[in-house]
Amino acid sequence: MPELTKVVLATGNAGKIVEMTDILHPYGWEVIPQSQFFDSEVEETGLTFIENAILKARYASEQTGLPAIADDSGIEVSALKGQPGIYSSRYSQDIYGEQANDQTNLKKLLDELKSVPQGQRQASYYCAMVYVEHAEDPIPIIGLGRWYGDILEAPRGDGGFGYDPVFWVEELDKTAAELPKAQKNRMSHRGQALNSLVMQLRRGA
């Protein structure tokens, strides 16, 4: 791979942009959110995190002419048979429509788990991170990450985004929303996946 100076981040999620930029910055990459080029979103028609991440990366590269990194991530709850899964970011759209957001997604998740006792609320965050050199890249590079925890009955902490306030990390006795940013980046599903991606790119440089 030629020396990388610019890469577009194929996400409009402000929380993801901050996390991914913090992780990539030490490697000397200039990361540019897709919002600086376009505001449309590709339809996520994939049935897996990997498929959706590839769709988003190809679309961003096609729109910008730059290499692109995209992720698709979500939370899987054992008691809900893996839901919300790939629908994590739009979990509550069936109730709130276009007004759905992180708070309504969180409310729906807690409502769905009301009858599930502590000890049976295991969950994992999952992330697939994809790099494409150009829109038609036949060999996307893929990094994967998984972060295990439990779902609390009520939110705790003001940091992070998404389901972080109820994602309990037992070994730290904190939720993901209570962790310092640098610590979360080291441990999280997104941090794992992005670091795996970076290591693969560096080996191929």
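Just so it is clear, the model here is predicted, and its values are computed rather than measured. (Residues numbered from 1 in each chain as written. Predicted model: local features only at pLDDT ≥ 70, side-chain atom pairs only at ≥ 80, totals over all residues. Heavy atoms only, no water.)

Tallying secondary structure elements over the protein gives six helices and seven strands in all. Starting at the N terminus and ending at the C terminus, the protein contains elements arranged as β-α-β-α-β-α-α-β-β-β-β-α-α. Here the C-alpha radius of gyration of the protein, 17 Å, is about what a compact globule of 205 residues would show, namely 17 Å. Burial status across the protein gives 49% buried among its 205 residues. At a minimum sequence separation of 6, the contacts of the protein that also span at least 24 residues come to 62%. (Helix = DSSP H or I, 4+ residues; strand = E, 2+ residues; numbered from the N terminus. Rg over C-alpha atoms; globule rule 2.2 N^0.38 Å. Buried < 20%, exposed > 50% of the residue type's maximum accessible area, 1.4 Å probe, protein only. Contact = heavy atoms within 4.5 Å.)

What the seven strands build is an open sheet, ordered E2-E1-E3-E4-E5-E6-E7; its pairing is mixed. Of all strands in the sheet, those bounded by a partner on one side alone are strand E2 (30-33) and strand E7 (174-175). Two strands pair when backbone bridges link them, and strand E5 (residues 141-151) and strand E6 (residues 167-169) are joined in this way by two bridges, in the antiparallel orientation. Looking at the pairing, Asp150 lines up with Trp168 of E6. Packed onto the sheet, helix H1 (residues 14-24) meets strand E1 (6-9), E2, strand E3 (68-77) and strand E4 (122-132) and runs at close to 120° relative to E3. (Pairing = 2+ DSSP bridges. Axes fitted to C-alpha atoms, helices over the stretch in contact; angles between N-to-C directions.)

Counting 19 residues, the largest nonpolar core has Leu109, Ile151, Tyr163 and Phe167 as its most contacted members. Those elements that place two or more of their residues in this core are E3, helix H4 (102-112), E4, E5 and E6. With three residues, the single largest contributor to this core is H4. Not counting residues up to four positions away in its chain, the partners in contact with Phe167 are Ile75, Ala123, Ser124, Tyr125, Trp147, Tyr148, Gly149, Asp150, Lys174, Thr175 and Ala176. Val7, Val31, Ile69 and Val198 belong to the second largest nonpolar core, which has 16 residues in total. (Core = buried A, V, L, I, M, F, W, Y, C linked by side-chain atoms within 4.5 Å.)

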